[in-house]
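# Observations on the three-dimensional arrangement
So the chains spell out like this:
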Amino acid sequence: MACRICSGRLHQFADFGSQPVSDAFVTPGDPAEEYMFRLAVGVCESCSMVQLLEEVPRERMFHEGYPYLSSGSAVMREHFWSLAERFLATELSGDDPFVVELGCNDGTMLQRVAEAGVRHLGVEPSGGVADLAAAKGVRVRKDFFEAATAAAIRAEDGPADVVYAANTLCHIPYMDSILSGVATLLRPGGVFVFEDPYLGDIVERASYDQIYDEHFYFFSARSVRGMARRHGFELVDVERLPVHGGEVRYTLARQGARTPSPAVAELLAAEDAAQISDPATLRAFAERVARNRDELVALLTRLRDEGARVYGYGATAKSATVLNYCGIGPDLVTFVSDTTPAKQGRLTPGSHIPVRGPEAFADPYPDYALLFAWNHAEEIMAKEEAFREAGGAWILYVPEVRLV
Ligand code: SAM
Ligand code: TMP
Ligand code: ZN
């Protein structure tokens, strides 16, 4: 298999075996066989893009019943609202501005833009979440964004000042079509802004559960700059973000249109110093991950043997990789508590652990809670203070297995 960006040679560095679709929660009693694929990851020897070696067809992941909701975390709502305010005050402050969001999901970010009366369009293929956005007054097109979609939008609405995508661009293997679409859609001085989990944070924290079907690419400043240049764009800004376990917000502009900020050169230099895309670094990451798995399984097995009760917290897409790679099932984790309506009453994909609403978590509290939504740890631990007061302890596994 060749690099999806530049056709270069891929060097595989980790293999998580056969995995289900991470957001395909199973209806109990449904006899349908689960779709499985091989979750392995490699780095391109030419352009340094880290990517999955097998692609899951997009309709298997993003469809009417796609359960993930952007609005499920108060911190993320604030994050998107403050970005909307920033766009409105800067890139969208001109005459009749227009912004397009790829993967707008339930409309959390665009809701603010709509309230400000600014022209916008969300492009969202997952029908259920797109309906939620529309109900908030957001203008949505139920579609996968790609070159043809971009041409249709441009014909209908004219050029965009901003194209934005959060936790969506890294989900899309067909990058040539996306970037040529963005080039069609953006006005000459416009910007393409996207934010996704950062390879540097994944390597540093050994956060291997960022690797699952939907996360096809693991971006760095170096790989993004190379990808951008292939389509006439330049990387003009980078901003590290604390959300979702460490992300970077990248800004692309047409080559020559804007001067890159010093932050770009700084991040490129830091990446070179840490050698984050070096095969040796990535192999060391994989070894650390295998040790992490052994420690987590040993801890959960010991707790079960001692008769302790362990629940999961947050039926995240990330947890699919942990559960299926570590072979954790309902014998080790009784159920997983989650606030998302479409996940409740279902079973976790592959590992078949029941998912229940948050009320079940306190009724009664378990002895231990395995925090799958560790990227929301601060918000969750504050909300669940009573769990620790009742004698409970959190199990974390990133960057290492520990109790807190
Ligand atoms: N932007 C939101 C956020 O950050 O919370 C949602 C992120 S969610 C993980 C990824 C979203 O991208 C899903 O709602 C999915 O339906 C959408 N998506 C996947 N492929 C897409 C494509 N080609 N064009 C537009 N949206 C896409
Ligand atoms: P994410 O890490 O991909 O954002 O997914 C977080 C999951 O955790 C999502 O299914 C919602 C769930 N969740 C809770 O159950 N309780 C919470 O307090 C938060 C913040 C998230
Ligand atoms: Zn490449």
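It should be emphasised that the depicted structure is a prediction, and the values quoted were computed from it without experimental measurement. (Residues numbered from 1 in each chain as written. Chains lettered and ligands numbered in written order. Predicted model: local features only at pLDDT ≥ 70, side-chain atom pairs only at ≥ 80, totals over all residues. Heavy atoms only, no water.)

## Things to note about the coordination of the zinc ion (ligand 3)
Heads up, the condition is: Coordination partners: N, O, S within 2.8 Å of the metal, 3.2 Å for Na, K and Ca; water not considered, so apparent gaps in a site are possible. When four donors show all angles between 85 and 135 degrees the site is tetrahedral, when four or six donors have opposite pairs over 155 degrees and all other angles between 65 and 115 it is square planar or octahedral respectively, and in every other case it is irregular. Helix and strand definitions follow DSSP, with helices as H or I runs of at least four residues and strands as E runs of at least two, each counted in order from the N terminus. Think of it in three bands: with a 1.4 Å probe and only protein chains considered, a residue is buried below 20% of the maximum accessible area for its type, exposed above 50%, and partly exposed in between.
Within the first shell, the zinc ion (ligand 3) binds the protein through C3 (SG), C6 (SG), C44 (SG) and C47 (SG), at distances of 2.2 to 2.3 Å. Considering all four donor atoms around the zinc ion (ligand 3), the spread of angles at the metal, 100 to 116 degrees, places the coordination shape in the tetrahedral class. Mapped onto the polypeptide sequence, the residues donating to the zinc ion (ligand 3) form the spacing pattern C-x2-C-x37-C-x2-C. Taken together, the residues C3 in the segment before β1 (10–20) and C44 in strand β2 (residues 36–44) connect sequence positions 41 residues apart. Just as C3 is buried, C44 falls in that class too.

## Section: the site of ligand 2
Under the convention used in this document: Think of it this way: one heavy atom of a residue within 4 Å of a molecule or strand is enough to make that residue near it. In protein, a polar contact means a hydrogen-donor-capable atom and an acceptor-capable atom, both N or O and within 3.5 Å, with residues adjacent in sequence counting only if both atoms are side-chain atoms; elsewhere, any N or O pair within 3.5 Å suffices. Areas reported as accessible are Shrake-Rupley estimates using a 1.4 Å probe. Residue values count occlusion only from the protein chains shown. Asp, Glu, Lys and Arg are counted as charged, while Ala, Val, Leu, Ile, Met, Phe, Trp, Tyr, Cys and Pro are counted as nonpolar; the rest, among them Gly, fall into the polar class.
Around ligand 2, the structure places 18 residues, and the nearest of them are K318, D338, K343, N375 and K383. Note that an oxygen atom of ligand 2 is positioned 2.6 Å from one of the side-chain N or O atoms of D338. With respect to ligand 2, the side chain of T340 contributes an N or O atom lying 3.2 Å from an oxygen atom. With the chains in place, 95% of the 490 Å² that ligand 2 exposes on its own is no longer accessible. The dominant element in the shell around ligand 2, judged by the number of residues it contributes, is helix α12 (residues 377–383), at three residues. In the shell around ligand 2, the residues fall into four nonpolar, nine polar and five charged.

## Digging into the nonpolar core
Stated formally: Take the buried Ala, Val, Leu, Ile, Met, Phe, Trp, Tyr and Cys residues and link them wherever side-chain atoms come within 4.5 Å; each set so joined is a nonpolar core. Residue contacts follow a heavy-atom distance rule, with two residues in contact if any of their heavy atoms lie within 4.5 Å.
Ranked by size, the top nonpolar core spans 115 residues in total, and within it F192, F194, F219, L296 and L371 carry the most contacts. If one sorts the elements of this core by residue count, helix α10 (residues 279–305) sits on top with eight residues. Setting aside chain neighbours within four positions, we find L371 in contact with Y313, A377, I380, M381, W394, I395, L396 and Y397.

## Observations concerning the sheet that holds β1
Our working rule: When DSSP finds two or more bridges between two strands, those strands count as paired.
Reading across from one edge, β1-β2-β3-β9 is the order of the four strands in this open sheet, with antiparallel pairing throughout. Single-partner strands in this sheet number two, and they are β1 and β9 (217–218). Both β2 and strand β3 (residues 50–52) contribute to a ladder of three bridges, which runs antiparallel. Following the sheet pairing, G42 is matched in β3 by Q51.

## So, unusual backbone geometry
Note: most residues except glycine have negative phi, and most peptide bonds are trans. Residue P364 is bonded to the preceding D363 through a cis peptide linkage, with omega at -5 degrees. Its place among the elements puts P364 in the loop between β14 (355–356) and β15 (368–371). Looking along the chain, the bond that leaves V398 and enters P399 is cis, with omega of 0 degrees. Of note, P399 is situated in the loop between β16 (393–396) and β17 (402–403). Phi angles above zero are rare outside glycine, and D96 is one such case at about 45 degrees. Note that D96 resides in the loop between α2 (74–89) and β4 (98–102). Its relative accessible area of 48% is what places D96 among the partly exposed residues. Located in the positive-phi region is A206, a residue other than glycine, with phi close to 55 degrees. As for its position among the elements, A206 is in the loop between α7 (199–205) and β9.

## Section: the site of ligand 1
Taken together, 20 residues surround ligand 1, and among them S70, E124, S126, A166 and N167 come closest. Between ligand 1 and A166 there is a distance of 2.8 Å, counted from a nitrogen atom to a backbone nitrogen or oxygen. In this structure, an oxygen atom belonging to ligand 1 sits 2.8 Å away from a side-chain N or O atom of N167. Protein contacts shield 97% of the accessible area of ligand 1, which totals 600 Å² for the unbound molecule.

## Looking at the pairing of strand β11 (residues 247–254)
Taken across its eight residues, β11 has seven buried, putting it largely inside the fold. Note: strand β8 (residues 186–197) against β11, seven bridges, orientation antiparallel. Each residue of the ladder has a partner; that of D196, found in β11, is V248. As defined by bridge partners, strand β10 (residues 233–241) adjoins β11 across eight bridges and the pair is classed as antiparallel.

Bear in mind that shape data such as this cannot, by itself, settle questions of function.
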